[in-house]
Every structure is written in C-alpha cells, then in structure tokens.
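Topology and contacts: notes
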Amino acid sequence: IFLFNSLDRIKKAIAERDSAGKDTMYVVQRYINKPMLIEDLKFDLRLYLLVAAMPGDQGHLEPRLFLHRDGLVRLCTTEYVAPTPDNLDQRRMHLTNYAINKKSKDFVQNEDPDDDGAGSKRSLRWFMDDYLPEECGEKERDKLWTKLKGICVKMVLAVLPNLEAEYFTKFPKDLTGGKMGCRAFEILGVDVMLDRKRRPYLIEINHLPSFTCDA
C-alpha cells in the first residue's frame, strides 16, 4: 500500500512487480481530503455486518442485514499533516491499516478492558456513545449512524445479483415453500473513513475479518 501523486509512480510500481515476475492487480482509491481526526490522528471505523437472506416467493433472495452496534476505531500512530511530496512515504500518518500501525513504536496498547476509549485501537461503541455526542452532539451522532447503515445496504444491493447466483448454485432448490429459512450467512468487516464534515466513505470490505484480540 502506498500513496502517489503522479501516474509515473503507478507505472514504476507496476514495472517493479512485472520485473519480479509477479502478476499483481492494483486498486486505486482517491485520497480523502480533510479527514476527521481524533487527537490529531487519522482513523477509520471497522463495522461488523452480518449478511443473511431468505429465499423469496419469486425466486429471489431477500437480504437480511444486521449491523453490530460495536466495532473498532483504528488510529494512525503519527500525527496527521496534509499530504505533501515530502511526507507521502509516511504511511503511519496517512494509512489507518492496523497491520501497518501495530509495528510502530508509538502504537499504544490498551490494557484496561473497562476503558474502551484509550489506545491506538478503540471501540466503536465509545466513539458513537461517548466521543461523538460530546464533540458534535447526539443529533450528528444519529445522522452518522443512519449514513453508516445506508452504506451497508447500498453495498449489499450492489452485489446482490452475484450473491443470488452464488446462493442458488450452492444450495438445492427449496421445495418447502420457504420453511427451510436462511441456509447461509457471512460476517463482513466494513471499513469506513470520515471526513471533517463526518461524511462516511467506504474504503474496503473484508469477507474474512479478523476477530483476534491482540490489541
């Protein structure tokens, strides 16, 4: 994962992978200007979404989505400065990935299970119930939660045809008139970033999110 501000940087990365004999696909994302900060640190939110579905009467799946009220707030370990050519390589300033920041000497381990608002990895419940109402008010907190739910719904609807095809390929036809209920589910890790106006942006979807508690 790296930041770039020119097409030449992308071409160089592709050339390096090609010369090493590695066939790699790249995903390019636009940098979010003016991200929301916590204690001058950039962060993202990890949401946990359970996706299930019921076969409908017309041979389609009717999605059932359950967004967990808790999740993670993952902070960078270097104070944020707007990107410049001189700091693009400071990944722990710009990238919120836990795998990158956990190796930093500035990563703060939370060793108190009763304080979920401390450390470099915090609780979504703390963010929504304590931090955001105090900083922005309960109305803004409620607006954000509605937007987060909307992102999850739109995300699933965008791939629903593929989910239906996969579901009906894997499972035999339900001859009980729907009495068999749901026969599959999946828990997704949905990564979202906020800008300073608290507008959420979908960053990544993990179909095998980690549930380990090493931080």
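Going by the structure above, here's the rest.
Structural notes, computed from the coordinates. Residue positions are counted from 1 within each chain, in the order its sequence is given. The predicted origin of the model limits local features to residues at a pLDDT of at least 70 and limits the giving and counting of side-chain atom pairs to 80 or more, whereas totals for whole chains, interfaces and linings rest on all residues. Hydrogens and waters are ignored; side-chain quantities use all the structure's heavy atoms.

Some thoughts on the overall build of the protein chain
- Under the scheme used here, helices are H or I runs from DSSP no shorter than 4 residues and strands are E runs no shorter than 2 residues, and both carry numbers assigned from the N terminus. Helices and strands together make up the secondary structure of the protein chain, namely five helices and seven strands.
- Each helix (α) and strand (β) of the protein chain, taken in turn from the N terminus, gives the series α-β-β-β-β-α-α-β-α-α-β-β.
- Taking the principal axes of the C-alpha coordinates as reference, the protein chain spans close to 65 × 50 × 30 Å.
- Only protein chains enter the accessibility calculation, which uses a 1.4 Å probe. A residue is then buried if its area is under 20% of the maximum for its type, exposed if over 50%, and partly exposed in between. Burial analysis of the protein chain (215 residues in total) assigns 38% to the buried set.
- The criterion used for residue contact is that any of the two residues' heavy atoms lie within 4.5 Å. Pairs at least 24 residues apart make up 61% of the contacts formed inside the protein chain by residues separated by at least 6 positions.
- For accessible areas, the Shrake-Rupley method is used with a probe of radius 1.4 Å. Any residue's cover is judged against the shown protein chains and nothing else. Accessible surface for the protein chain amounts to roughly 13900 Å². Of this, 52% is attributable to carbon and sulfur atoms.
- Here the protein chain carries 34 positive and 34 negative side-chain charges, and the mean point of each set is 5 Å from the other. We count Lys and Arg on the positive side and Asp and Glu on the negative side, and we leave His and both chain ends out. A charged residue contributes its charge at one atom only: NZ of Lys, CZ of Arg, CG of Asp or CD of Glu.

So, the pattern of salt bridges
- Salt bridges are defined by distance alone: a side-chain nitrogen of Lys or Arg within 4 Å of a carboxyl oxygen of Asp or Glu. Enumeration according to the criterion identifies twelve salt bridges in this entry.
- When the shortest N-O distance is used, the salt bridge between Glu 62 and Arg 64 registers 3.6 Å.
- Residue classification places Glu 62 among the partly exposed positions, given a relative accessible area of 36%.
- Look at Arg 64 and you get partly exposed, because its relative accessible area is 35%.
- Here the salt bridges do not stand alone but share partners, grouping Asp 44, Arg 46, Arg 74 and Asp 191 into one network.

Points about the pairing of strand β2 (residues 41-55)
- Taken across its 15 residues, β2 has 13 buried, putting it largely inside the fold.
- Strand pairing is defined by DSSP finding a minimum of two bridges between the two strands. In this structure, strand β1 (residues 37-38) lies alongside β2, joined through two bridges in antiparallel fashion. In the strand pairing of β2, Ile 38 is matched with Leu 41.
- With antiparallel pairing between neighbouring strands as the criterion, β1 and β2 make up a hairpin whose turn holds two residues, including Glu 39 at a positive phi of roughly 55°.

Observations concerning the nonpolar core
- To define a nonpolar core, start from buried Ala, Val, Leu, Ile, Met, Phe, Trp, Tyr and Cys residues and group those joined through side-chain atoms within 4.5 Å. Core analysis: the biggest nonpolar cluster contains 27 residues, and Ile 38, Phe 43, Leu 45, Leu 47, Leu 49, Phe 127 and Leu 194 have the highest contact counts within it.
- Discounting residues that sit within four places of it in the chain, Leu 194 has contacts with Pro 35, Met 36, Phe 43, Leu 45, Phe 127, Leu 144, Arg 199 and Pro 200.

Side note on helix α5 (residues 138-170)
- To get the bend at a residue, fit one axis to the 7 residues ending there and another to the 7 starting there, then take the angle between the axes. Along its length, α5 reaches its greatest deviation from straightness, about 55°, at Leu 160, and the proline Pro 161 lies no more than four positions downstream.
- Buried within α5 we find Glu 140, Arg 141, Leu 144, Trp 145, Leu 148, Ile 151, Cys 152, Met 155, Val 156, Leu 160, Glu 164 and Tyr 167.
- On its buried side, α5 packs onto β2, β3 (61-67), α4 (124-136), β6 (185-194) and β7 (200-206).

Points about the packing of aromatic side chains
- Centre distance within 6.5 Å is the pairing criterion for rings of Phe, Tyr and Trp, where only the six-membered ring of Trp is used; planes under 30 degrees apart are then read as stacked, over 60 as edge-to-face, and the remainder as tilted. This structure, assessed with the given rule, holds seven aromatic pairs.
- Measuring from ring centre to ring centre gives 5.9 Å for Tyr 98 and Phe 107, while their planes differ by 55°; the resulting arrangement is tilted.
- Within the aromatic cluster, the residues linked to one another by ring pairs are Phe 43, Trp 126, Phe 127 and Tyr 131.
- In this structure, Arg 9 packs its charged tip against the face of Phe 2, placed 4.2 Å from the ring centre. Two thresholds decide whether a charge sits over a ring: the Lys NZ or Arg CZ must be within 6 Å of the ring centre and within 35 degrees of the ring normal.

Structural notes on the packing of α4 against α5
- Angles run from 0 to 180 degrees between N-to-C directions of axes, and those axes are lines fitted to C-alpha atoms, restricted for helices to the stretch in contact. Viewed as axis vectors pointing N to C, α4 and α5 meet at an angle of 135°, and their least axial separation amounts to 7 Å. It follows from the interaxial angle that α4 and α5 lie oblique. Counting all contacts with α4, which are made through Leu 124, Phe 127, Met 128, Asp 129, Leu 132, Pro 133 and Cys 136, the residues of α5 involved are Glu 138, Glu 140, Arg 141, Leu 144 and Trp 145.
- Put simply, Ala, Val, Leu, Ile, Met, Phe, Trp, Tyr, Cys and Pro go in the nonpolar bin, Asp, Glu, Lys and Arg in the charged bin, and everything else, Gly too, in the polar bin. Residue composition of the contact of α4 with α5, by class: eight nonpolar, no polar and four charged. We call two directions roughly parallel when the angle between them is under 35 degrees, roughly antiparallel when it is over 145, roughly perpendicular when it lies between 65 and 115, and oblique otherwise.

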